[in-house]
Each structure stands twice: as C-alpha cells, then as structure tokens.
Amino acid sequence: MTDSHGDVPHGPQSFITRYVWSQDHKVIAVQYAGTAILVGLVGLLLSNLMRLQIGFPGRFAFIDAEHYYQFVTMHGMIMVIYLLTALFLGGFGNYLIPLMIGARDMVFPYMNMLSFWVYLVSVLVLLASFFVPGGPTGAGWTLYPPQAIMAGTPGADWGIILMLVSLLIFIAATTMGGLNYVTTVLQARCEGMTLLRMPLSVWGIFVATILALLAFPALFVSGVMMLLDKTLGTSFFMPAVISMGQLSAHQGGSPLLFQHLFWFFGHPEVYIVALPAFGIVSDLISVHSRKAIFGYRMMVWAIVIIGALSFVVWAHHMFVSGMNPWFGFFFATSTLIIAVPTAIKVYNWVLTLWRGDIHLTVPMLFTLAFILTFLSGGLTGLFLGNVSVDIPLSGTYFVVAHFHMVMGVAPLLVVFGAITHWYPKITGRMLNEPISRLHFWVTFIGTYLIYFPMHYLGVLGMPRRYYNYDNYQFIPASAHQLNVFITVVALVVGVVQLLFVFNLVWSAFRGRRAEPNPWRAASLEWSTPQTPPAHGNWGAHLPVVHRWAYAYSVPGAAQDFIAQDAPARSGGVETSHDAEPPARGVAT
Amino acid sequence: MTAAALGPRPWMGPRERAADTGLWCFMGVAGTLFSLFLVADVMRLASPDATAIGLPRQLWLSTAWLLCGSVLMGLAAGAARAGQGARSLRLMWASGATTLAFLATQGWAWQQLIEARVVLAGNPAASFFYVLTALHGLHVAGGLLAWAVALRALGRAVDHPRPTAWRLALCARYWHFLFVVWAALLASMTWLTPDIARAICGQR
C-alpha cells in the first residue's frame, strides 16, 4: 500500500536526538509517563504525610496546620493533573495512538516533543513552590477565591502564583499534545482502519482529548483572571474583604464565577481521566478473557455520550454554594442521566466476561479490580448527585471516599494493569510476575481497607479538610481508632508502590525477554516487525487492517485470535453493517 | 478566496491534510477560550460595581486593519494557487504590514484609555477590555509567526508558488478566524453593557 508518510523515516542517530530531544512518539510517551510517575510519587508521599497527621495528631511536629493544608492541596493537584491527566493522555495517548491505528508517528512530531518539555517545565514550576518563601499554596486543590490569594492561607504570597503559572503552562502543553492526538486519529489511520475498527483504548483517549481541549480553556480563563487578581489588583473573583483588620483593595468580584469556571473544567476532568481508563479496560478485558468485547458500538457511543454529558453536570460540585432550586434539579438530573451510559459500559464488561476464557493474569486482575472499584465509587456518586443527600454529606469524608474510589484508585488500577499489559511491547521484557502480583493484592485490598471505612466516617459526620480531630464531641473514639487503622494501611500501600516502581526499572534490564505478542492480542500494536517497535514503527510498509481489534475465539480460525492485519481470508471480518463479527466468542 | 481557506482539497497531501485538521482543532480550542471569557464577562458585569466604559475610536481603525489583513491574506493564498508568486508575495507582505498596524493601533487604543484613567484594576468592564484585547493580540502575534514561516517558504518558491499555497491558505483561514473573534469581542464590548449583563443574569 502507499505509505502516506513517504519513505521509512531514518531514526535519529545520536543519544540526544534519540532519547532526549526525541520526536518519536514512543520515547515521548516514556518521558511523559516517567515524569508523571515521579511527580506522582511526590503526591503519594504527601498523602502519607497527611495520613500521619490524621492518624497520629500532634505526634509529628513538622506537620503543623499550614503544612497539612499544603500537603492536601499539592497532593490533590499533583494526582489529578500532573499524574493522571499527563499519564493517560501524554503517556498512553502517545504510545498507543500511532501504534493502534497503524501510523508511523504523531502527525506533528516536533510539537509533540515540545508538548513534553513544556509539561516538564510546568512540573518544575509546581515543585519549585516547595522552595519559595511561604511554601506551596494550601488553598485546597480547587483553589477557591477569595481565600486562595488572601493572607492567612498558606502560600498566599508565592505558592499560589507558582501554582497558577504552572497550570497555565500545563494547559499549553496539553493543548499541543491534544491537537496532535486528535489530528493523528482523524488523519493518520492506516488503510482499513475505519473509526469503528479502532480499539476502544483509542476511542477513550480520543474523546478524552477532545474533552481536554474544550475543558482546559475554562481552567485557563480562571487561572489568568485569578493571577491578575493576585498580582495586578483586578477584582474578577475578589470581593471586598476585611482581612486581619484591613479592608482589601478588591471590590465586587465574584467567587462564584470562579467556581463555575473551575468546575466547568473540573467535572470533564473526571472523564478526561476516566474515558481512557474505560477504553483500556475494555481492551484488557477482551484480550484476557479471549472474547470479543460485548457491544462494541454501544461502548463507542457510551464514551461519546458520557463525554458530551460531562459538560452539563458541573454544578453538582456546587450544590452547597447555593443556587436556584431549578438549577439544582437540572444538575442533579443530568448527573443521574450520565449514570446510564456509564452503567451500560459496566454491564458490557461483565457480559464480555460471561462465558469467557478468563486468564487471571496481572492485567486482568487489575481490570477486575477496576470494575469493582469503579462500581463502588460510582454508586456513591449516585448518592452525591442528589442535592438533598449531597448537602449533608458534602463536607464529610464520604466525599473523600467517593472520589478516591471513582477517580483516584480506579483509574490508577487501570494504569497498573495497562503498564503491565504493554510493558513487553515498550521494553521487550516482561514485568516480574511475583512482584506484580504482590503489588496488586496489597494495593487492591489496601485501598478498600483505606476507603471503605471512610464512607462510614463520612456518614458519622467526620468533616473533611480539618487539620485536627481532637476534642470534637460528635466524633467518637472509634473514629480515631479507625483513622489510625487507615493511616497504617495507607503507609503500607504507599510503600508497596515503590515495589512497583522498582519492578519497572529492574525488569527493564533483568526481566524475562518477551515474545512479540505475549498475550496473543489481536490489536495492531502487537504486529510491529520489531519488539520494541523501531523508529517509524512499521518497517517499509504500513499495515493494512481487515477487521476490528476483537477477533477472539472465532470458530474455525487457526488460533483463538486473528490479528487485525491478518489477511482477510483468515476470517473474523465484519460481514455486515454491524461492526461485530457474526459469531459470538466461544471459550476455547 | 475564502473557500480556498476553509477546507481540505483533493490536491492536499497527508501533511497538508493534517495541518488543515490541526488548525480547525486549534480554532475550536481558541474559540472555546474566548467564548468562556465572554461568559465570564457577562457574569462579572452583572455585579453592581460594573459600569460601561467608553471605547476609544482607535478600535474602529484597528478593526479595519485586521479586516484588510484577512482579505489580503486570502488574496495571497489565491494568487499562490494561481501560480502568481510575485503577486502573492506582495500581498503577503501587505497582509503582514496591516496586521502589525492592527497591533500598533490596539496599543494606541490602550494608551488612550490609560490617559483617560481607565485602568486594569477597578471597573470590571475595563479589566475585561484589557484582558480580552491582550489575549486576542497574543493570538495575532502567534499568527504572525506562522505568517513568517509561510512567507519564508513563499519567498523561496516565488517562481513555483503552488506547493506553498496550502500554507498561505491556512494562514488566511486563521486570519479570518482572528477577525471574526475580534468582531465578536468588539461587538460584546460595545453592546454588552452592565445593564444588559444584569438582564441576562436575571438581576433586574
């Protein structure tokens, strides 16, 4: 076939152009993922420091109230933005999109490289806030004005400025990357790779990227305006406030305006993280149960509909801010409606497992753990989507438990599963399995031991955001004991994550050599001539795709899977308008 | 001229098609950004402390400059497509010059406002004026970088300009976009008074 990108590109020769200023999407993916994981470890450390204070209040002198709020803020922002968003879009997006759609690289490789380096700058600016006078901001990850930029809030001098600047830089990086991902999906698919033959991982990343491109501008707008309020004395968000006996120079600003802008970004952000996870889980579940994904088209439409609906639910984060009851009704209803396509996905995952040849590999364990965790977190989301239930629970640990289950732990389980699944493709070696299994079980059980009790604490009325829970009569002694328990488990789970990082590094050099397609997967990325793929991915000729990515256990086929680029005569080709092949997957 | 700037054409190769799609996506992002600023503008102007500001007359001149730049850029793309390299080059230079004149006139408008003691801090209508014009100016300045790249490519191929026509067409499309955004911003700054904002927000 015609190679739409001309001749096979010659790979960069020097170390610098190959591994540092690289324009190869695979190297950029590893750079993105490596940076995100490193900054994620900082976020993890901060969470453990928070837990030390909650579990053993006053025992650690260096964790005073100011530091505690700084840890909370930086933990939240790092995990949501600099770890999960960067990892799913910059890491998995970069690695998987070109390989899964049969492209040689992203369509704008130079801009892709720039995207990573700008992201790195944003991370460095963020981390620099630990070293400026007053330290990082302690305003909470939502950075609500007026307190975020007022004296009395930790980091109100420099920390908040660096945080906002870092976010603006991050948005620039995400936009550069996002334009690449969307354009690559639309313009660089190989012959035969129709949109409805793309693996669901690509669909998830594609739609999440569109969400990012449309939602991050809201954060940009609010970031610019708050920066001006802080530095140049405008009053976009800042009302007139008497602080420490002094009347501020601001007047008339609207803190609610910030909340609207923030959550217009903030809620789609949940799905920027979740949609790639949904897609990846769909692929992992199909490969490791040797069965076609159930309801492929339904899954695609569910991703698209969830993405669209995510823009009309933002104010459910603001029920306690007060709003017209009709708005409350609208946002509660839209929030409940979004549960419908989400539930369809969960049903389809379960139906894919039904009568499948389930292999309890490490990626599959993480996938199953994701489904359970996402289900738990999603169901409590239904509680919180109701105004009348949300208002009493909003300020409690019930919310902490909910969002950590649904958008903290659940996507991270997918990250672990996905890294384990694609590690042999990336490095040519397998991750050490005993270590991986140990990591899985401690993480999975540990997170339940951490977050399930938090629901109870929340219903009990234990408020979140408090530095110290001593001497509150409504908090019984049993709650304190539970906090100690949660802290101890959190420390164990935290340490086990180091084991995962060790496994990543150790296995890259000492791991068992991987076969080109160790999971016997049908999607295109496993068909590259070399493992790991060389620069340009496909050798002299681009692949030609003849079927979807889910041709597993096709009756009459020579193996229990048929690669997407296997000749049409191998079978498993869609025969009708329907994207799915006629035969239902049968366990082998 | 305009049609040449709007969509992919059969003569486009993969690289051109990618740039074409990428630009549409970027315009979507930039459009979202300005739309959100305008929504924020409405919400903020609804506050009691907002008062309308008198816009400097220079803005009408700058609008004319940007319109000229947009039209000239489109003509330059058409000329390159027709193989008229020298004409295309002249039109490109003229387009760049009018765009620079736009930026200079915007600066002049700022100066007039500052002399009238309409400053960034204080009245939110003024704050939004400065922020929106600055942000739009940055997008124009970014466009000039792309213009410089296209001009360089055209300058090297004056005798056979057709292969560079796609670059000019993309620049032209971006310039049309910049003009439409500016027109929307100017319209909002002219007609979207605090009274109207309060009416939109149901506060009167």
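Every chain is numbered independently, its residues counted from 1 as its sequence is written. To read the labels, note that chains go from A and ligands from 1, taken in the order they are written. Since the coordinates come from a predicted model, pLDDT governs what is reported: local features require at least 70, and pairs of side-chain atoms require 80 or more to be given and counted, while whole-chain, interface and lining totals use all residues.

Another point: the overall build of chain A. What counts as a helix is a DSSP run of H or I of at least four residues, what counts as a strand is a run of E of at least two, and both are numbered from the N terminus. Each helix and strand counted, chain A has 14 helices and 2 strands in total. Atoms counted for the radius of gyration: C-alpha only. Globule rule: 2.2 Å times the number of residues to the power 0.38. The C-alpha radius of gyration of chain A comes to 24 Å, within 12% of the 25 Å expected for a compact globule of 588 residues. Each principal axis of the C-alpha atoms in chain A carries an extent, and together these give about 80 × 50 × 50 Å. Across the 588 residues that make up chain A, the buried fraction comes to 55%. Each residue is classified by how many other C-beta atoms fall within 10 Å of its C-beta atom, where C-beta atoms are placed from the backbone; a count of 20 or more means buried, 12 or fewer means exposed, and values in between mean partly exposed.

To continue, consider the overall build of chain B. Secondary structure assignment for chain B yields 7 helices and 0 strands. Of the regular secondary structure in chain B, the N- to C-terminal order runs α-α-α-α-α-α-α. The C-alpha extent of chain B, read off along each of the three principal axes, is 60 × 30 × 20 Å. For chain B, buried positions account for 45% of its 204 residues. For every residue pair, C-beta atoms are placed from the backbone, and the pair is scored as a contact if these atoms sit within 7 Å. When contacts within chain B are restricted to residue pairs at least 6 apart in sequence, those whose partners lie at least 24 apart make up 82%.

For the rest of this paragraph, the subject is the confidence of the model for chain A. On a scale of 0 to 100, pLDDT captures the predictor's confidence in every residue. When the pLDDT values of chain A are averaged, the result is 93; 96% of them are 70 or greater. Below pLDDT 50 for its whole length, residues 1-7 of chain A participates in 9 contacts with residues either more than four positions away or in separate chains.

For an α-helix, 3.6 residues make a turn, and residues three or four places apart therefore share a direction. Residues and elements named next belong to chain A. Working rule for helices: expected span equals 1.5 Å times residues minus one. Helix length check: helix α4 (residues 109-128), at 20 residues, gives a terminal C-alpha distance of 29 Å against a target of 28 Å (1.5 Å per residue), a fit within 8%. Among the residues making up α4, those that are buried are Asn112, Met113, Ser115, Phe116, Tyr119, Ser122, Val123 and Leu126. Elements that come into contact with the buried residues of α4 comprise α2 (25-55), α3 (65-101) and α5 (159-187).

This brings us to unusual backbone geometry. Residue and element names in this part refer to chain A. The omega torsion across Pro145 and Pro146 is 5°, close enough to zero to call that bond cis. Residue placement: Pro146 occurs in the loop between α4 and α5. One non-glycine residue, Arg355, lies in the positive phi region at around 60°. Here Arg355 is to be found in the loop between α9 (325-353) and α10 (362-385). Its 13 C-beta neighbours within 10 Å are what place Arg355 among the partly exposed residues. Backbone geometry at Arg520 places phi at a positive 55°, although glycine is not the residue there. Among the secondary structure elements, Arg520 is positioned in the segment after α14 (477-510). On the basis of neighbour count, Arg520 is assigned to the partly exposed category, with 16 C-beta atoms found within 10 Å.

The relative placement of two packed helices comes down to the angle between their axes together with the axis-to-axis distance. All names here are of chain A. Every angle, taken between N-to-C directions, lies between 0 and 180 degrees, and every axis is a line fitted to C-alpha atoms, over only the stretch in contact when it is a helix. Orientation of helix α7 (residues 255-288) relative to α9, taken along the N-to-C sense of each, is 10°, at an axis distance of 10 Å. Considering their axes alone, α7 and α9 lie roughly parallel with respect to each other. Crossing of α7 over α9 shows left-handed handedness. Where α7 abuts α9, its residues Phe278, Val281, Ser282, Ile285 and Ser286 lie against Lys345, Trp349, Thr352 and Leu353. By residue class, the composition of the contact of α7 with α9 is 5 nonpolar, 3 polar and 1 charged. Orientation is classified from the angle alone, with under 35 degrees giving roughly parallel, over 145 giving roughly antiparallel, 65 to 115 giving roughly perpendicular, and any other angle giving oblique. For any pair of crossing helices, the crossing counts as left-handed if the nearer helix is rotated counterclockwise from the farther one by less than a right angle, and right-handed if it is rotated clockwise. Basically, the charged four are Asp, Glu, Lys and Arg, the nonpolar ten are Ala, Val, Leu, Ile, Met, Phe, Trp, Tyr, Cys and Pro, and anything else, Gly included, counts as polar.

Quick look at the environment of Phe88(A) now. All names here are of chain A. If you trace the backbone, Phe88 turns up in helix α3. The exposure class assigned to Phe88 is buried, which follows from the 30 C-beta atoms found within 10 Å. Counting along the chain gives 184 residues from Phe88 to Ile272, while the straight-line C-alpha distance between them is 8.4 Å. Not counting the four nearest positions on each side in its chain, Phe88 is found in contact with Gly93, Ala208, Val273 and Pro276.

Each partner contributes to the interface: chain A provides 29 residues, whereas chain B provides 24 residues. For the side of chain A that touches chain B, the elements supplying multiple residues, two or more each, are α5, α6 (200-231) and α7 of chain A. Examining the composition of the side of chain A that touches chain B, we find that 8 residues originate from one element, α6(A), more than from any other.

Our focus in this paragraph is the environment of Arg197(A). Residue and element names in this part refer to chain A. As for its position among the elements, Arg197 is in the loop between α5 and α6. Residue classification places Arg197 among the buried residues on the basis of 21 C-beta atoms within 10 Å. Put simply, Arg197 and Phe485 are 288 residues apart on the chain and 48 Å apart in space, counted from C-alpha to C-alpha. Not counting the four nearest positions on each side in its chain, Arg197 is found in contact with Val545 and Trp548.

Glancing now at the environment of Trp24(B). Looking at where Trp24(B) falls in the secondary structure, it is placed in helix α2 (residues 14-45). Counting along the chain gives 70 residues from Trp24(B) to Ala94(B), while the straight-line C-alpha distance between them is 25 Å.

It is worth spelling out the packing of α2(A) against α14(A) at this point. Residues and elements named next belong to chain A. It is the contact of α2 with α14, at a shortest axis distance of 9 Å, that shows an interaxial angle of 160°. By the criterion of interaxial angle, the relationship of α2 to α14 is roughly antiparallel. For the element pair α2 and α14, the recorded crossing hand is left-handed. Residue-level inspection shows Ile37, Leu44, Ser47, Asn48, Arg51, Leu52, Ile54 and Gly55 of α2 in contact with α14, the latter providing Asn483, Val484, Ile486, Thr487, Ala490, Leu491, Gly494, Gln497 and Val501.

Attention shifts here to the nonpolar core. Counting residues in hydrophobic clusters, the biggest one holds 244 residues, and the most contacted among them are Ile101(A), Val202(A), Ala208(A), Leu261(A), Ala76(B) and Leu168(B). Once residues within four sequence positions are removed from consideration, Ala208(A) is found in contact with Phe88(A), Leu89(A), Tyr271(A), Ile272(A), Leu275(A) and Pro276(A). The term nonpolar core refers to a set of buried Ala, Val, Leu, Ile, Met, Phe, Trp, Tyr and Cys residues connected through C-beta atoms within 7 Å.

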